[in-house]
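# Structure at a glance
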There are 4 protein chains.
Amino acid sequence: MSNIRGRFSKPADKLAGQYTTSLPVDQRLYKQDIAGSIAHARMLAKQRIITQTDARKIVDGLLAIQKEIELGKFQFKPEMEDIHMAVESRLIEKIGEVGRKLHTARSRNDQIALDIRLFTKEAIAETQKGIRALQKAMLEMAEKNRAVVIPGYTHVQAAQPVLLAHHLLAYFDMLQRDFERFNDSLKRVDVMPLGSGALAGVTYKIDREFVAKALGFSKVSKNSMDAVSDRDFIIEYEANAAITMMHLSRLAEELVLWLSVEFGYIEIDDAYATGSSIMPQKKNPDVAELARGKTGRVYGNLMALLTIMKGLPLAYNSDMQEDKPGYFDTVDTLQTTLTIFAGMIKSVKVNKANIQRALGRGYILATDVADYLVKKGAAFRTAHEIVGKLVNYAVSKGKTLAELDIKEYQQFSPLFKADVLKITIESALAARDITGGTAPNQVARALVAARKIVV
Amino acid sequence: MSNIRGRFSKPADKLAGQYTTSLPVDQRLYKQDIAGSIAHARMLAKQRIITQTDARKIVDGLLAIQKEIELGKFQFKPEMEDIHMAVESRLIEKIGEVGRKLHTARSRNDQIALDIRLFTKEAIAETQKGIRALQKAMLEMAEKNRAVVIPGYTHVQAAQPVLLAHHLLAYFDMLQRDFERFNDSLKRVDVMPLGSGALAGVTYKIDREFVAKALGFSKVSKNSMDAVSDRDFIIEYEANAAITMMHLSRLAEELVLWLSVEFGYIEIDDAYATGSSIMPQKKNPDVAELARGKTGRVYGNLMALLTIMKGLPLAYNSDMQEDKPGYFDTVDTLQTTLTIFAGMIKSVKVNKANIQRALGRGYILATDVADYLVKKGAAFRTAHEIVGKLVNYAVSKGKTLAELDIKEYQQFSPLFKADVLKITIESALAARDITGGTAPNQVARALVAARKIVV
Amino acid sequence: MSNIRGRFSKPADKLAGQYTTSLPVDQRLYKQDIAGSIAHARMLAKQRIITQTDARKIVDGLLAIQKEIELGKFQFKPEMEDIHMAVESRLIEKIGEVGRKLHTARSRNDQIALDIRLFTKEAIAETQKGIRALQKAMLEMAEKNRAVVIPGYTHVQAAQPVLLAHHLLAYFDMLQRDFERFNDSLKRVDVMPLGSGALAGVTYKIDREFVAKALGFSKVSKNSMDAVSDRDFIIEYEANAAITMMHLSRLAEELVLWLSVEFGYIEIDDAYATGSSIMPQKKNPDVAELARGKTGRVYGNLMALLTIMKGLPLAYNSDMQEDKPGYFDTVDTLQTTLTIFAGMIKSVKVNKANIQRALGRGYILATDVADYLVKKGAAFRTAHEIVGKLVNYAVSKGKTLAELDIKEYQQFSPLFKADVLKITIESALAARDITGGTAPNQVARALVAARKIVV
Amino acid sequence: MSNIRGRFSKPADKLAGQYTTSLPVDQRLYKQDIAGSIAHARMLAKQRIITQTDARKIVDGLLAIQKEIELGKFQFKPEMEDIHMAVESRLIEKIGEVGRKLHTARSRNDQIALDIRLFTKEAIAETQKGIRALQKAMLEMAEKNRAVVIPGYTHVQAAQPVLLAHHLLAYFDMLQRDFERFNDSLKRVDVMPLGSGALAGVTYKIDREFVAKALGFSKVSKNSMDAVSDRDFIIEYEANAAITMMHLSRLAEELVLWLSVEFGYIEIDDAYATGSSIMPQKKNPDVAELARGKTGRVYGNLMALLTIMKGLPLAYNSDMQEDKPGYFDTVDTLQTTLTIFAGMIKSVKVNKANIQRALGRGYILATDVADYLVKKGAAFRTAHEIVGKLVNYAVSKGKTLAELDIKEYQQFSPLFKADVLKITIESALAARDITGGTAPNQVARALVAARKIVV
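Residues numbered from 1 in each chain as written. Chains lettered and ligands numbered in written order. Predicted model: local features only at pLDDT ≥ 70, side-chain atom pairs only at ≥ 80, totals over all residues. Heavy atoms only, no water.

What follows covers the overall build of chain A. Summing up its helical and strand segments, chain A has 18 helices and six strands in all. In terms of overall size, chain A is more extended than a compact globule, its C-alpha atoms giving a radius of gyration of 30 Å where 455 residues would be expected to give roughly 23 Å. Summarising its shape, the C-alpha atoms of chain A cover approximately 100 × 50 × 40 Å along the three principal directions. Looking at chain A residue by residue over its 455 residues, the buried ones come to 71%. Long-range pairs, those at least 24 residues apart, make up 75% of the contacts in chain A between residues at least 6 apart in sequence. Split by element, the accessible area of chain A, about 14,200 Å² in all, is 54% carbon and sulfur. Side-chain charges in chain A split into 63 positive and 53 negative, and the spacing between the mean points of these groups amounts to 3 Å. (Helix = DSSP H or I, 4+ residues; strand = E, 2+ residues; numbered from the N terminus. Rg over C-alpha atoms; globule rule 2.2 N^0.38 Å. Buried < 20%, exposed > 50% of the residue type's maximum accessible area, 1.4 Å probe, protein only. Contact = heavy atoms within 4.5 Å. Areas by Shrake-Rupley, 256 points an atom, 1.4 Å probe, with all protein chains shown as cover. Lys, Arg positive; Asp, Glu negative; His and termini not counted. Charge placed at Lys NZ, Arg CZ, Asp CG, Glu CD.)

Now the structure itself:
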């Protein structure tokens, strides 16, 4: 913008202008920018740095500009360097000389810090809403299917039976930590930076607490150089987002597996699948796959910002302008993924017949057989070895453990008695009756506790 | 280990054994592993799952093994898969059959989760100590140099004068947030996972609260599948470490610049520099540069673990074994860097003469001149333009602003009066008298507040 | 698109539609998509899979659509899944039933692989042009300043004198490797994938070589599953771009340092700088800083795609749709940065007075003094120690080496004779007369060689 | 090392010494370092910079040191900064004053550049051997199972039948590109940097070509500053390694899936699996999972080095010392993974019964049915819709397409004739008879071509 180039004899090179402008990206912050300017103008008047009349004109002008933007009537001119100059220059156009007073006791360095903090507070609130919605959907699916038993896996190998609800609540708990992580980060975001000026504070008798209160911040920043030069709160959001997306990518992977013909445990609504342009039979779990893919993008944005901030001397450097494209992309990606997953999970139908068939495969009661021997007096490590041999024997005979008779069992240990044949999926579940275990009563209790969290 | 391969007819391929063993990495967890096993054995006895006599033998055996390890007498055999099997197999060697009972009601999946959580609790405490030590060193340097004024920079261009103490306190505040971030994460680490078994809980009547208390945990995990399959708490440490290293890399960059002949603001002790094998005159800021470089390594470790965990289905998968090499490297790197920086900062000597010279260069009082015009009635944006032209004029004359006379000022605005010449570094500092500003009384207050934090 | 959802009873959920559509991103590939379809249609006719009349209608329709897009008259409907369906559906709208034949013997899986390969071939050519332009600018700056000597640095500590042209040619050589790296990658991009179908090849007697030739490819892909499921050629571009941006970030760092008052070695045109909204005196090296920041973004995009592709089973998975946003961003960022740097470098003015002053500081001839002793008979390591002490002595006296007299020299070694005082910046430069050294004649030769590369 | 600290009055702080030493990492380069020193010493003698006698003593001393190291008798003293000083200081110990001449006309900056380039040349050769071994194993598995048909997948949904050999050859082709990528990078590694000195070249009349020839390099570096300050050739190796590991992670994922009970397509030797400490029945695909996990580590190392190099001014900075830990880890990880995968693939047994069963599930001939309609005159898009409805009908009836009778077909289109029932897995395969397609004769040809590559 020409008035910022006052010292310069030449306009920016056209390509340089495109390269350096942040307007296409930061115009998204218009609401925060205008809200900040209004609070700033009111404070300037209260402190008699400008007159009440001037403040009123500025506030009215800013509100009118906000309306212009929201109605799509505002022209974002490419020669403006950023949202701040776009708004200020339009303000001067509209209300004249008075508009030139708005930037008193302020720098773009503390202004952008304010805008992005306002944005982040809202982003955290929205993200937390999204997490709650998905937790709720997971919980409802768990409640709806509370009697369903599935094979629990490790290494994509059937391991031990678990309640599907137990499996789903594992995600509920991950999401709960994600929620809390965002909560914790809020403390570090909820800090009002205006008044830090370019880097050293400003020379006017301003009232920072007034601005903080007007904008809903609970504290003001303590060091002006820190306030304009750090972006750790954005990195923290991006790191929290990366962890949340990591969790979602795991859920996505399971949905993809469970939707395969080979597993066939669930179906999802057509609304969350896509077809093939060539294979008429296909129903592809597009949403789940894309979420898994977008996780990479969210990781990349985190890595980008960490790299950008590395080794920058204090205070502001233009490298930091590159904080926003990746950040906005991460916020949007995470929020949309949470919302769409909530919808998709609600649409899941469980295919009990296929699951039942799967429970019969493999040797998922082997641990219970080993525990049986321990309870009959064997040392666990010994029991484990005995059952290892028993399983090998069964494999060689092409039988499941349930298909062996008691004599076959006893070939491997005299501790085996007829009651070993009473080990069933149900007894295995019921036996895991400790906090965090998959026993039906434990899971029932966990469902109640979860319900309290999401109301 | 052969007894874990019970079902298998063949030993692991030798290279495969080297590839899959985690022993060279996780042997570092021996203390945590043994502490966990002792608490587990005592609990098994208390719950009458094993006898008190057995428990005593096991505990004594484990303590003896710990001593062997600490005396360097323990043989970490390459054919052991991990620290758990190395210890258990030695236990069986030492105390016989009784040792085979230790693994009752436990899986390596919950055992490693326990070990790494114990490790992380200690790592956080150590890291926080390191942060405090560096904060203290920064504060002492600030206190010792409380009257020193330096040029404040943006874009590596002199911007406005600031107190060196103010600059240093910016890092104090960054480190304070880093400290709090680790504090927040502790809540999510301080969760006792034992009892989760392989993934579904265990079939014995164990007392998880007893184990938690014995090991100093404040809660037990709520979902067995979540407990054995997530590593978000490690990622959280790594993300917090990455942010802290980012801050340290910025400090490192400034030290490198300030140590250059061109800036010459400080000197550091020879102890933190290295020479050149060819250039006899060199004193290179090796420690600062390495810290900057190691920041990349800490970032890489974070990226590695995020990538490792992406898209893994529940519950445990061996990919997760790869969590540790990068994690240990990050913990060590961060802790060492913090400690060594504290020492290095204590050794810094400030070169006031060079700084004084630098303050005379540039036009770092230009903002104050613009603010002067505002106070005389100009709109800020107009004042900014006038001073822009004034600076250009001064540049063309090869003069500093202080070298212009009042008539030259008045060529640019009639608002300039003789008192404009009273704008000095000191008046500029004093004028920034708001919370977070660089005015001496504000910084004095901030020093007092900082001192309360580090005692 | 409805006709792709043929098997489905429900339209996509609206949010799901937005989530899964790639149209906003891949519409950029319209030219490649249409070119591919035209070649495909002509081949289908040549092979008598469709009639010549049908082919003509299809080709005319496609050309008309291309015109619509270029005139801004094409409506990219949000319900279209991607550019392929957007074009095909418009084609059917325009030419009716015949349009429904275009997708014969083709899948979107091989179609997108084709589009992105066509795009990448062009991207590489454009990038190489950009590299050449910057090499040329660097070379011109070197030629223009061929007599300028600057302090060469290691660790941001003055080390030994070098010709500025020698320093600039270091970047020329880095860029040359960047150029060659893109060249090498071209071989792996220049492979025509159409005919791979969804994953297994197609059931029609198509002529793949005909299509390859029509589109300028030198070979066809050898394995249909590989052809539709790999994106290594994009990762390769992104890795090459990351390395190139790494080089540019180093140049950017040097420009930032050299533009500081403390160094003051160069000036750049106002066109490549920005001012401050508050500090009227500022001229900030915005372009250089942004390039350094954007390097982080390019790194992030690489990390994103590597992560996306990790662990995907064959063949196509929707995660791969996420390849494009980061890729396009990288291509644009790299090409723009190269172009703008070429302009910026052309605008650089060298400030010889400041450089001259810098050459006098420090002890950059110390290595030459040590080499002097070696030539007089000392072992190098001994000479190095002697000169180390000599420098310490000079520092303690506040003198440069040139200000010491011969007696002072001789206190440290009797090997010093009067001719040691003849060591100068010029003699130091001239002495480095080996291939790759900074001696003026060597640099002159290097300039000639460089000139041959960029014509 | 004390003689490098000649200018300094104080030894390094102990922790600082540990922090800055690279010896624990770079001692691995002893062979390269000694080879380089030998060539350098011989050249110094040839150029009469040192005497032949001196050179002989030096060479003999160095060879003796190499033997000491190889016999484990060399003491790597922690106070040595790096491998260069460790060797040089031992040389001086052994042969006295003459040893102090070795570092004439050399700096550690060009010395480490030489060592790491020698290392990289070997690393590339080894890696390429590993790639060839795995290609061979893949090819053998393909040849052995050339008649086996499996369902081809997209989106983990059965798509169309393919030959297993075709599927395996997709990996062969990926590996072939990986091989070529390493080949291309070799050109940029095969450059001899010695003679670049610290940054500016050296002042002695050395013969760089002689050293290059002695060490097997085909060219010498062209610019001394570039030669000591760039690490792009390491990044290039790491990027190529990341791409290769990405390919291996995909193979690993498929092995994990195929080894699951749900797929059950293959078995691997016990040697490549591990058991469970608690579940006696488990056979976990540990090697495949670890390879997938280690991919994250290799990515992290790449990201680390890119970040380290970003924004470093010329020439050498100590940040660059951090290039090696991640690099060595990447080289080792990649080479071991390739070797172990070759062994694992050789051990794979294909379970034809399970595969046969899988081929019967799903609707993998639907594309062929659509193509049938096209050949009868339908437009493809229309045919696709018809078959979509047909599949839906079959799903609703719980039938496969093969189980429908001709009347049912004809309800969806009159174009269906009795010959539609002749579409089989075999006919579908045979129909894809184009270059790159899965038709048996095409695959046979591809097998022959592949065999030529691996001899």
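Having seen the model, we can carry on.
Here we take up the pairing of strand β1 (residues 149-154) of chain D. Along any regular strand the residues' side chains alternate between the sheet's two faces. Residues and elements named next belong to chain D. Extensive coverage of β1 is indicated by the burial of six of its six residues. Direction of pairing for β1 relative to strand β2 (residues 157-163): antiparallel, over a ladder of six bridges. Residue Gly-152 lies in a different strand from β2, and its bridge partner there is Gln-160. Where β1 folds back on β2, the antiparallel hairpin that results is connected by two residues, among which His-155 adopts a positive phi of roughly 55°. (Pairing = 2+ DSSP bridges.)

The full count for this structure, using the stated rule, is 48 aromatic pairs over all chains. A ring pair is formed by Trp258(B) and Tyr265(B), whose centres lie 6.0 Å apart and whose planes are at 45°; its orientation type is tilted. Residues Trp258(B) and Tyr265(B) agree in their burial class; the two are buried. Ring geometry for Tyr372(C) and Phe416(C): centres 5.9 Å apart, planes at 15°, overall stacked. On the criterion of sequence distance, the pair formed by Tyr372(C) in helix α14 (residues 366-375) and Phe416(C) in the loop between α16 (406-410) and α17 (425-431) is long-range, its members being 44 residues apart. Feature note: the residues Phe119(A), Phe182(A), Tyr237(A), Tyr327(A) and Phe328(A) constitute an aromatic cluster, connected by ring pairs. Above the plane of the ring of Phe179(C) lies Arg132(C), whose end atom (NZ or CZ) is 3.6 Å from the centre. (Phe/Tyr/Trp six-rings, centres within 6.5 Å; stacked < 30°, edge-to-face > 60°. Lys NZ or Arg CZ within 6 Å of the ring centre and 35° of its normal.)

Moving on, we come to the relation of the copies chain D and chain B. Relating one copy of the chain to the other requires a rotation about an axis plus a shift along that axis. When chain D is brought onto chain B, the operation consists of a screw motion whose angular component is 180° and whose axial shift is 0.0 Å, with 0.1 Å RMSD remaining. The two molecules are tied by a two-fold rotation axis, judged by turn and shift. Taking C-alpha positions as reference, the residue of chain D nearest the rotation axis is Gly300(D), located at 2.0 Å. (Least-squares fit on C-alpha atoms with pLDDT ≥ 70 in both.)

Let's shift gears to the relation of the copies chain D and chain C. Of the transformation superimposing chain D on chain C, the axial component is 0.0 Å and the angular component is 180°, with the fit at an RMSD of 0.1 Å. Comparing contact sets, 100% of the residues at the interface of chain D also lie at the interface in chain C, consistent with an isologous, same-surface contact.

An ideal rise of 1.5 Å per residue puts 38 Å on 26 residues; helix α7 (residues 164-189) of chain D measures up with 38 Å between its terminal C-alpha atoms. For α7(D), a buried count of 22 out of 26 residues is recorded, marking the element as mostly surrounded by other parts of the structure. (Expected span 1.5 Å × (residues − 1).)

This brings us to the interface of chain D and chain C. Chain D puts 109 residues into the contact, and the matching count from chain C is 109 residues. Roughly 9,300 Å² of surface becomes buried between chain D and chain C when both sides are summed, with 56% attributable to carbon and sulfur atoms. Of all residues in chain D, Arg250(D), Leu314(D) and Arg381(D) give up the largest surface area on contact with chain C, accounting jointly for 9% of the area buried on that side. Our count for the contact surface shared by chain D and chain C stands at 20 salt bridges. Arg177(D) serves as the salt-bridge partner of Asp230(C), at 2.7 Å between the closest nitrogen and oxygen. Here chain D is connected to chain C by 65 residue pairs in polar contact (both at pLDDT 80 or more). Tallied by class, the residues present in the side of chain D that touches chain C amount to 45 nonpolar, 33 polar and 31 charged. (Buried area = accessible area lost by both parts, 1.4 Å probe. Salt bridge = Lys/Arg side-chain N within 4 Å of Asp/Glu carboxyl O. Polar contact = N/O pair within 3.5 Å; in protein donor to acceptor, adjacent residues only side chain to side chain. Nonpolar A, V, L, I, M, F, W, Y, C, P; charged D, E, K, R; others polar.)

With that out of the way, let us pick up the packing of α7(D) against helix α10 (residues 232-259) of chain D. Residue and element names in this part refer to chain D. For the pair α7 and α10, the least separation of the axes is 9 Å and the interaxial angle reads 170°. When the axis of α7 is compared with that of α10, the two are roughly antiparallel. Classifying every residue of the contact of α7 with α10 gives 13 nonpolar, five polar and six charged. (Axes fitted to C-alpha atoms, helices over the stretch in contact; angles between N-to-C directions. Parallel < 35°, antiparallel > 145°, perpendicular 65-115°, else oblique.)

So, about unusual backbone geometry. Between Leu314(C) and the following residue, Ala315(C), the backbone shows a cis peptide bond with an omega angle of -5°. With respect to the helices, strands and loops of the structure, Ala315(C) is situated in the loop between α11 (286-309) and α12 (323-346). Backbone geometry at Val156(B) places phi at a positive 55°, although glycine is not the residue there. Considering the arrangement of structural elements, one finds Val156(B) in the loop between β1 (149-154) and β2 (157-163). For Val156(B), a relative accessible area of 5% translates into the label buried.

Here we take up the interface of chain D and chain B. Tallying the contact residues gives 62 residues for chain D and 62 residues for chain B. Of the roughly 5,300 Å² buried where chain D meets chain B, counting both sides, 60% is carbon and sulfur surface. Along the contact surface separating chain D from chain B lie six salt bridges. Its salt-bridge partner being Glu322(B), residue Lys294(D) comes within 2.9 Å of it at the nearest N-O pair. If you look at where chain D meets chain B, you find twelve residue pairs in polar contact (both at pLDDT 80 or more). Counting residues per element, the side of chain D that touches chain B draws most heavily on helix α11 (residues 286-309) of chain D, which supplies 16 residues. Here the side of chain D that touches chain B is built from residues that sort into 25 nonpolar, 19 polar and 18 charged.

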